[in-house]
Amino acid sequence: MKKFGILLILTLFFYSCNSVKRVKENEQLLTKNTVIVNGEKTSDPKLDELVVQKPNSKTLGIPLSLYFYNLGNKERPKTPSEWGKKRPKTYNFIKSIFSEKQSISYANSMIGLNNWFLRNGEAPVIIDPTKIRKTEKNLNAYFKTQGYFQARVRSLRDTSGQKRGTVRYIIESGNPTFLDTIKTEINSPVLDSLYQEIKNGSYLKSGEQYKDDHFIKEAERIIKHFRNHGVYHFSERGLGFYELDSTNTSTYRTNVNLVIFDSERTSDKNGNSTQIKYNIQKLRHINLFTDYNFNLAKEDSLYQNVTSYNNINFRSFGKLKYNAKLLSESIFLRSGGVYADTLRNLTRRHLKSLRNFKTVTIQYKTVEEKDDELDVHIFLTPIEKYTLGLETELTHSNIRDLGVSGKFSIINRNTFKGAEIFKLSFLGSFFNASQDANQAGNFFNSWEIGSDLSLEVPRFLAPFNLSKLVPKKMSPRTMFTLGTSIQKNIGLDRQTVTALIDYKWNYNRKKTIQLEAFNTQYVRNLRIGTYFQIYNSEYQKLNQIAQTYNNDTDFVLPNFGQEPVDLMTEILNNTDFRISNPQEYQDNLNILDRYNIITSDFLIPTIAYSFTYNNQTDYRDNNFSFFKIRVANSGNIVPLISKTRNINNKRTLFNIPVAQYFKVDTEYKKFWDIDNNSVFGFRSFLGAIIPYDNAAIPFTKSYFAGGSNDIRAWQTYDLGPGTRNSGLEYNIGSLKFLTSVEYRFDMFGSLKGALFVDAGNIWDITNSIFAESQAKFSGLQSLKDIAIGAGFGLRYDFSFLVFRLDLGFKMHEPYLAENKWFQNYNFSNAVYNIGINYPF
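Residues numbered from 1 in each chain as written. Predicted model: local features only at pLDDT ≥ 70, side-chain atom pairs only at ≥ 80, totals over all residues. Heavy atoms only, no water.

Visitor: Honestly, helix H6 (residues 100-120) in this entry has me stumped. Any pointers?
Guide: Side chains of residues three or four places apart in an α-helix project in the same direction, reflecting 3.6 residues per turn. In this model, H6 (21 residues) spans 30 Å end to end at C-alpha, consistent with the 30 Å of a helix rising 1.5 Å per residue. In this structure, the buried residues of H6 make contact with helix H3 (64-70), helix H4 (80-86), helix H5 (88-97) and strand E28 (735-748). (Helix = DSSP H or I, 4+ residues; strand = E, 2+ residues; numbered from the N terminus. Expected span 1.5 Å × (residues − 1). Contact = heavy atoms within 4.5 Å.)

Visitor: Honestly, the pattern of salt bridges in this entry has me stumped. Any pointers?
Guide: Opposite charge on two side chains makes pairing possible when the charged atoms of those side chains draw close. Within this structure, the stated rule accounts for 32 salt bridges. Linking Asp158 and Arg168 is a salt bridge whose minimum nitrogen-to-oxygen distance equals 2.8 Å. With a gap of ten residues between them, Asp158 in strand E3 (residues 152-161) and Arg168 in strand E4 (residues 164-172) connect regions that are remote in the sequence. Take Asp158: its relative accessible area is 26%, and that puts it in the partly exposed class. What makes Arg168 partly exposed here is its relative accessible area of 29%. A salt bridge links Glu420 to Arg459; the shortest N-O distance between them is 3.5 Å. A residue pair is termed long-range when its members are at least 10 positions apart, and Glu420 in the loop between strand E16 (403-413) and strand E17 (421-431) and Arg459 in the loop between strand E18 (446-457) and strand E19 (477-488) qualify at 39 residues. Each member of the pair, Glu420 as well as Arg459, is classed as buried. Shared partners join several salt bridges into a network, and the residues in it are Arg712, Glu742, Arg744, Asp758, Arg795, Arg804 and Asp806. (Salt bridge = Lys/Arg side-chain N within 4 Å of Asp/Glu carboxyl O. Buried < 20%, exposed > 50% of the residue type's maximum accessible area, 1.4 Å probe, protein only.)

Visitor: Explain the sheet that holds strand E10 (residues 282-289) to me, please; I cannot follow it from the model alone.
Guide: Pairing between the strands of a sheet is mediated by backbone hydrogen bonds and can be parallel or antiparallel. Overall, mixed pairing links the five strands, which are arranged E11-E12-E10-E14-E13 in an open sheet. Only two strands of the sheet have a single partner each, and these edge strands are strand E11 (305-309) and strand E13 (357-366). Looking at each pair of strands side by side, their axes are set apart by 20° on average, direction ignored. Here E13 runs beside strand E14 (residues 373-382); their pairing, made up of nine bridges, is antiparallel. (Pairing = 2+ DSSP bridges. Axes fitted to C-alpha atoms, helices over the stretch in contact; angles between N-to-C directions.)

Visitor: How should I be thinking about the sheet that holds strand E1 (residues 29-37) in this particular structure?
Guide: In space, the four strands of this open sheet follow the order E2-E1-E4-E3, with mixed pairing throughout. Since the sheet does not close on itself, it has two edges, and those belong to strand E2 (40-42) and E3, each with one partner. On average, each strand axis in the sheet is inclined to that of its neighbour by 35°, with strand direction left out of account. Judged from the three bridges that link them, E1 and E2 form a sheet pairing that is antiparallel. Across the sheet, the residue bridging to Ile36 is Lys41, located in E2.

Visitor: Would you explain a negative patch on the surface in this entry?
Guide: Negative charge collects at one region of the surface, where Asp48, Glu49, Asp673 and Asp675 lie side by side. Within the secondary structure layout, Asp673 lies in strand E26 (residues 661-675). With a relative accessible area of 33%, Asp673 lands in the partly exposed category. (Patch = residues over 30% accessible without salt bridge, like charges linked within 9 Å, V, L, I, M, F, W, Y side chains within 5 Å. Areas by Shrake-Rupley, 256 points an atom, 1.4 Å probe, with all protein chains shown as cover. Lys, Arg positive; Asp, Glu negative; His and termini not counted. Charge placed at Lys NZ, Arg CZ, Asp CG, Glu CD.)

Visitor: Could you clarify how one ought to interpret the packing of aromatic side chains in this entry?
Guide: Each pair of aromatic rings is reported with the distance of its centres and the angle of its planes. In total, this model carries 43 aromatic pairs according to the counting rule given. Geometrically, the ring pair formed by Phe685 and Tyr703 is edge-to-face, given 6.3 Å between the ring centres and 65° between the ring planes. In this pair, Phe685 is assigned in strand E27 (residues 678-691) and Tyr703 in the loop between E27 and E28, connecting sequence segments 18 residues apart. In this structure Tyr703 comes out as buried when scored by relative accessible area, which is 5%. Among the aromatic residues, those joined into a cluster by ring pairs are Tyr531, Phe532, Tyr535, Tyr595, Phe699, Phe704, Tyr717 and Tyr730. The ring of Phe626 has Lys669 sitting right over it, with the charged end atom 4.4 Å from the ring centre. (Phe/Tyr/Trp six-rings, centres within 6.5 Å; stacked < 30°, edge-to-face > 60°. Lys NZ or Arg CZ within 6 Å of the ring centre and 35° of its normal.)

Rendered as structure tokens:
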């Protein structure tokens, strides 16, 4: 059956592989555009954008979307009756066996399938003379904007095969024109004074080639400066660039005169035209409407309640719901201050960042009979005070075969009248944790539940006036969080309690800083006695050691309770066994170390600093860079509070072992937009954690490798550390390196594809006596331990999320004794990864 399905898919694919299958006899499929400038081919992306008609999109050189379209046919029947007349044998056969209703249903299915192929595929691009002529005009206009006023563009159509054709655009640019004398004409003393402040930074320079872009940038620069210094009415209509004489065809130089007018023509409500002199305008009254409704007019009389603070009038229908003092911190406009675009934009951005308002509208009105004053009206439409949220997710790993998780949230905005956001969340996850032998027969036999309380305050709440260190324009935030969770049949049934005080602010549009001033987590394990039942591979190794230790191959060590721990401790203190069986002794040491790390309760008091750089303009921008570094310390102040230690010489607080470490994580991502249909992405991560004062690293803070967002050719926790191949359910390290490259491309409809290569590994850098030599990082020579995986993936874009299926193949396996390359590069050893959204 499987072979039949593959054969059917291949048959359909090859059936549609004739690119010109839907091209009529008198038409040509466009297969290639060529742009030739002064006798040389060019692939300038700017010129390519001007070509109106482009060939069908290709995936790895294959027009898959066209092939998909060819599986359908526009000429096929559109209704069941038409379909029955076209295929009477099939229609009547189904009717005779079942009923006419079933025949109609089958016909509708075939019609729907045909329409689906047409809708999600890409129709053949037929060469269109009208679009060729439009492209010629585009190219000609573009070269004129670059100063080639004598440019000539023509096109040639060539036949490249049956029903196929190409188009060549041949451009003779001629000589470029250069700027000669540049003069200015400014009649307004006010504008002339402002212009003199910035004239030295002009984009127009004598001797440089004429380019429209320079004129546009110069106009924008002047307008920006004028409007940020009080000239509210000034716009692009207030200036112009004129040639003093026509271009000299012998020298190809032109003179330019910059004219800045002293007034602007405008019309009133009655259509009467008047001239408004440009002037520096100041702000008079600032009115803030806190509960503006689109269905009501913007009349001051409707807002009876007025509260004034810091020369800002807070208007509302009823009682003011916001603290005027706190809300005024988001208003950067001041009565008596000079108008500035930057302050208007900063105010709008800051108010939107409060996440309390659906819309933020700022309007200015010239004061009658006073052309140098403006009244400001800020209209805020609040979001509902109480809202509900629901999030769901599917998870999969080698520890948790299948999982479903959900998060239900209740949000209360403007909790204390200062635009705060209070959030109460309930979390629930259900898993099939088949590694527990006692629960292996049950589906969704494990669960985790929890709850979080958070309060986000849109300002710094800090003692000693520390809030003054960060300006309000940087949108500072303070986050208070308290959460707890408990597990059942997941590992050792960990219980956690977390308390967090977090500060965050935007240094500028691209840079964000975060300070975790207080981030403390208490981790408690509830089922320590079941450790060897859950981590069976550890038990199997320990049982073999026990057989050697007892010189009894039939010896069976219990896999629960205290007896395995007592045995490990006994072997640890047996000098004779260490000498006679050094390998077994070392293995016992490693198992005991991992047992102590996993089963230990921990108090993790962390202070952390994060810096993030992201120059992505919006979600559609595929040309951007991302960089983040996080530096964290745990337990540094504990010695000032507690001097106590436990029997393992670990520092404790309230009889709980304290995690003490320094940790640094860095991540860099870069994306390139290859064309309209594909993106190339690069990601690199480097992290290290170093314990001190004889402390251990908590399992939750260690590094692992593998998984759907990591090295996709290995499952989560499967890889490393170093060249170790322990076969354990988990493998962790204290140093991690990861890098990935991914080529993403459109296929057809909402289906997208990807090719990727992941590389990396984890190592141990703690110098612990428990760490094996294969796991330790030994400088540059450890780079040969890097594992490499490659594969391909399918992604379906639902607009609100992307469902992802990636298939990873092992290319380089550093733990193999020989034939490390492509030894298991096959489907039987491949790893299937299911994920939501992109891996990076």
